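# Per-entry structural report
Listed below, chain by chain, are the residues.
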Amino acid sequence: MTATPQAPVDSRPRKPAAPSAKTLTCSGCGAPLAVRAPGHSLSVACGSCGAVLDAKDPNLQIIASFEKRTKLKPLIPLGTRGRFRGQPFEVIGFLVRQVTIEGETFAWSEYLLFNPFQGFRWLTEYQGHWISAKTASGIPKADPSGGEGAVSYLGATFRHFQMAEAETIYVLGEFPWRVQAGERVVVEDYISPPRILSSEVTPEERTWSIGEHVDGEQVWKAFKLSGSPPPREGVGVAEPSPYAPQARTMRWLFLAFLAAAFVLNLLFGLMAQNRVVYSKQFQYVRGQGSPAVVTEPFELTGRRSNVLVEIATTVTNQWAYFTLALIDEATGQALDFGREVAFYAGVEDGESWTEGSRNDSVYLSSVPSGRYYLLISPETDAAGLGYTLRIRRDVPRTMHFFVALGLLAILPLWFWFRKAHFEYRRWRESDHPWVESGGSDEDDD
Amino acid sequence: MSPAREVACPSCGAPVKFASAVSLLSICPYCSSTLLRRDLDVENVGKMAELVADSSPLQLMAEGRYRGAYFTVVGRIQVEYSEGTWNEWFILFGDGRTGWLGEASGSYTVSFETPVQEAIPPWEGLHPGLQVTLKGRPYEVSDLREAKVVGGEGELPFRVGCGYAARVADLRTDSERFATLEYSDETPRVFLGEAVEFGALQLRGLRRFEGW
Amino acid sequence: MMTKLYAVFGALVLLALSGAHYAGWSPSDATEVKGVPKSVRDNPGSYRSSYGSGRHFAGGK
């Protein structure tokens, strides 16, 4: 088990010296150019004259040249070092690429980061949204379960976001490939926020990179930049939804509350007395004495609970109004209320119609136990009136459940609306914007 | 498994190591003589070509870990292609296993030569996108390269012909698993492995870069 | 944040639901009146309800 040798005494005569940063002179304009990743860089782009030099060529031949244009200043200056994801990286290259979609051009910046041990990373910025990316070591494969054009990679499903032809319009610094002016590649983005997969297709090859959303503040902190990062506009392509991490809990809470409300309702329903304490038919003929009557006393038992008063009449094309009072025989406390029934029916244009109802019912709230009687004083436009009065004690109320359901749903509905709206804003920028008619195929979590 | 062995270079007399039992060659670090291991002694089969100065952070005798097992870098093959060079470092594990640590511009792979039951398509039949099954698992051809072997150093499990064209096919999956098919000999060699993060390798004894 | 708010709110709703069930609460527009004399039982016509009388439905289609 001792095949692991000890650290060698350093006596390696053939070892070439490790390369370090050096300076070149631009063959185009004579400006000094730094080479920060010698041995890796194949092209060096001069910011002053737009020339791109072959970094491997001792004569530094110009291999491409970009139109001299208003200098685009990288937000992170070349040569800046920062700790990114725990590792030191140096900004060695900067390029601006643009796509044209329906006549509109959109430009974004890409920063090339280098570490001699870790290799290269990309930091891209579009409208204040940053993504850190690196070359993917595998090839994503088609995954129809994620919708049209979706792919899966490292166990996650990435949905197709956008395809566009990107043109490089500005380069500065050095790159590990041969930069060509006006180089066009077809870029396709697939997202599984906060991660994003991008493929770039040139006539020769297709390369994949995997990236992740980074906050601008994080970038500023990592590179110790002064000022503040550019403000964000809209929703970033890979920006994690602030709602997504809460969606599962939200749904779970909603279902739990719903179940609890249902069980509460069921339990109280089972516990309720739901007992008829009084039922009697009355006949009232207009003109024969006072219409007001009182019932025999009846007993309301148990804790405070509701009382249901039901009146069934026989009115047709007539109305009846009842002035009622539930009176506690012992204390003289009363609950006054009025109810009305009206029922109309007829035939018009060969169609029969009805309106209103012959019956009425009303709940009295939280009535204490005791011995009660009801006072009834009817009025009607009919000559006479027959009515049945029924009083029930402690009737289960399903209404409570529905009210609770409504209250419990307000916040989740608002939450799901916000969440959907966030995704709507993200996808608005894509090849697959959500259509007006709620074409949301977005998953809840 | 025979223990590590040290011989005197027949050309210059310097001590040359054979740390792994499977090493067939060892290149003298002083005079670049390529020593072929035989039963009792070594045969000098000629000078190894100079390597191209590159920016690899690895070097011989560097140490690291892969899936918990310690390894030592005992040899390398340097390969040149249109965009630069890459290295295949021959690594020896504590238990005598050997493997390859591929390294190109900061991306790292660890692979092992693995015999497979499946028929390997000929070089001419390969194209990017082709699905190939190896050891029962699917791979997709991603990259075909005709590269030139620049040379080697340290010890190696086979003879390295300098300057000859190596035909290498990279096969990938939708995970970190990958495979390499190498068509230098009559029968293609199959290497199965995976991409590994630099940090996960816990490498020590690396080259130093000024300022880093 | 949102979920915490909802957890508290939901718990309050459930509490209110239990309370409403337990107390037999119902939305009601009955008016409480005190001190109804015992004589009302013998002469119901003398009761002056706060709802009075006289609403008039002139309905029909």
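The rules behind these values
Residue numbering note: each chain is counted from 1, following its sequence as written. Chain A is the first chain written and ligand 1 is the first ligand written, with later ones labelled in order. Totals for whole chains, interfaces and linings use all residues, but because this is a predicted model, local features are given only for residues with pLDDT of at least 70 and pairs of side-chain atoms are given and counted only at 80 or more. Here, a nonpolar core denotes buried Ala, Val, Leu, Ile, Met, Phe, Trp, Tyr and Cys residues that are linked to one another through C-beta atoms within 7 Å. To assign burial, the other C-beta atoms lying within 10 Å of each residue's own C-beta are counted, with C-beta atoms placed from the backbone; 20 or more indicates buried, 12 or fewer indicates exposed, and intermediate counts indicate partly exposed. In DSSP terms, a helix is any run of H or I states spanning at least four residues, a strand is any run of E spanning at least two, and both are numbered starting from the N terminus. In this description, a residue-residue contact is defined by the distance between C-beta atoms placed from the backbone, which must lie within 7 Å. What a helix should span is 1.5 Å times the count of its residues minus one. Of all possible arcs, the one meant is that of the directions from the helix axis to the C-beta atoms. Just so you know, the domain bounds were taken from an automatic or database domain assignment. As a per-residue quantity, pLDDT reports the predictor's confidence and falls between 0 and 100. Asp, Glu, Lys and Arg are counted as charged, while Ala, Val, Leu, Ile, Met, Phe, Trp, Tyr, Cys and Pro are counted as nonpolar; the rest, among them Gly, fall into the polar class. Any two strands with at least two DSSP-identified bridges between them are counted as paired. Each axis is a line fitted through C-alpha atoms, taken for helices only over the stretch in contact, and angles between the N-to-C directions span 0 to 180 degrees.

### Things to note about the nonpolar core
By size, the foremost hydrophobic cluster in this structure holds 51 residues, and its most contacted members are L113, V171 and L197 of chain A. Broken down by element, the residue count for this core peaks at 6 residues, all from strand 13 (residues 156-175) of chain A. Residue contacts for L197 of chain A: discarding those within four places in its chain leaves A136, P140, V151, Y153, F158, Y190, W208 and I210 of chain A. In terms of nonpolar packing, the next biggest core, distinct from the first, is built from 47 residues, M61, W86, Y139 and L156 of chain B among them.

### A short note on helix 1 (residues 2-22) of chain C
With 21 residues, helix 1 of chain C extends 30 Å from end C-alpha to end C-alpha; this agrees with the ideal 30 Å at 1.5 Å per step. Taken together, the buried positions of helix 1 of chain C are occupied by Y6, G10, V13, L17, A20 and H21 of chain C. Down the axis of helix 1 of chain C, the buried side of the element spans an arc of 95°, and every buried residue falls inside it. In helix 1 of chain C, those exposed residues whose orientation departs by more than 90 degrees from the buried face are K4, L5, V8, L12, L15 and G19 of chain C. Of the surrounding elements, those touching the buried residues of helix 1 of chain C are helix 2 (244-271) and helix 3 (399-428) of chain A. Of the residues flanking the end of helix 1 of chain C, it is G24 of chain C, one or two places downstream, whose phi is positive at about 60°.

### Re the domain arrangement of chain A
For chain A, the domain assignment lists domain 1 (22-240), domain 2 (245-269 + 400-428) and domain 3 (273-395). Relative to domain 2 of chain A, the C-alpha centre of domain 1 of chain A lies at a distance of 42 Å.

### Observations concerning the confidence of the model for chain B
All names here are of chain B. In this model, chain B carries an average pLDDT of 90, and 99% of its residues clear a pLDDT of 70 or more. Strand 5 (residues 42-47) is the least confidently modelled element of chain B, averaging 85 in pLDDT, while strand 6 (residues 63-66) averages 97, the highest of any element. Taken together, the chains of this predicted complex give a pTM of 0.81 and an interface ipTM of 0.89.

### Section: the interface of chain B and chain A
Residue-level contacts link 38 residues of chain B with 34 residues of chain A. Secondary structure elements with two or more residues in the side of chain B that touches chain A: strand 7 (69-81) and strand 12 (137-156) of chain B. Classifying every residue of the side of chain B that touches chain A gives 15 nonpolar, 13 polar and 10 charged.

### Considerations on unusual backbone geometry
Most peptide bonds take the trans configuration, and most residues that are not glycine carry a negative phi. Residue and element names in this part refer to chain A. Here the amide bond leading from P193 into P194 is cis, since omega sits at 5°, within 30 degrees of zero. Position of P194 relative to the elements: it lies in the loop between strand 14 (184-192) and strand 15 (195-201). At L60, a residue that is not glycine, the phi angle is positive and equals roughly 50°. Locating L60 in the fold gives a position in the loop between strand 4 (51-54) and strand 5 (62-65).

### Points about helix 2 of chain A
Note: α-helices contain 3.6 residues per turn, so residues at a spacing of three or four share the same orientation. Over its 28 residues, helix 2 of chain A extends 41 Å from the first C-alpha to the last, a length consistent with the 40 Å expected when each residue adds 1.5 Å. The set of residues buried in helix 2 of chain A consists of M250, L253, F257, A261, L264, N265 and F268 of chain A. On its buried face, helix 2 of chain A sits against helix 3 of chain A together with helix 1 of chain C.

### Structural notes on the sheet that holds strand 24 (residues 359-367) of chain A
All names here are of chain A. Across the sheet, 4 strands lie side by side as 17-26-20-24; this open sheet has antiparallel pairing. Two strands lie at the open edges of the sheet, namely strand 17 (275-285) and strand 24, each paired on one side alone. Taking each pair of neighbouring strands and ignoring which way they run, the sheet shows an average axis angle of 15°. One ladder, built from 7 bridges, connects strand 20 (residues 305-313) with strand 24; its direction is antiparallel. Within strand 24, the residue paired with E310 across the bridge is S361.

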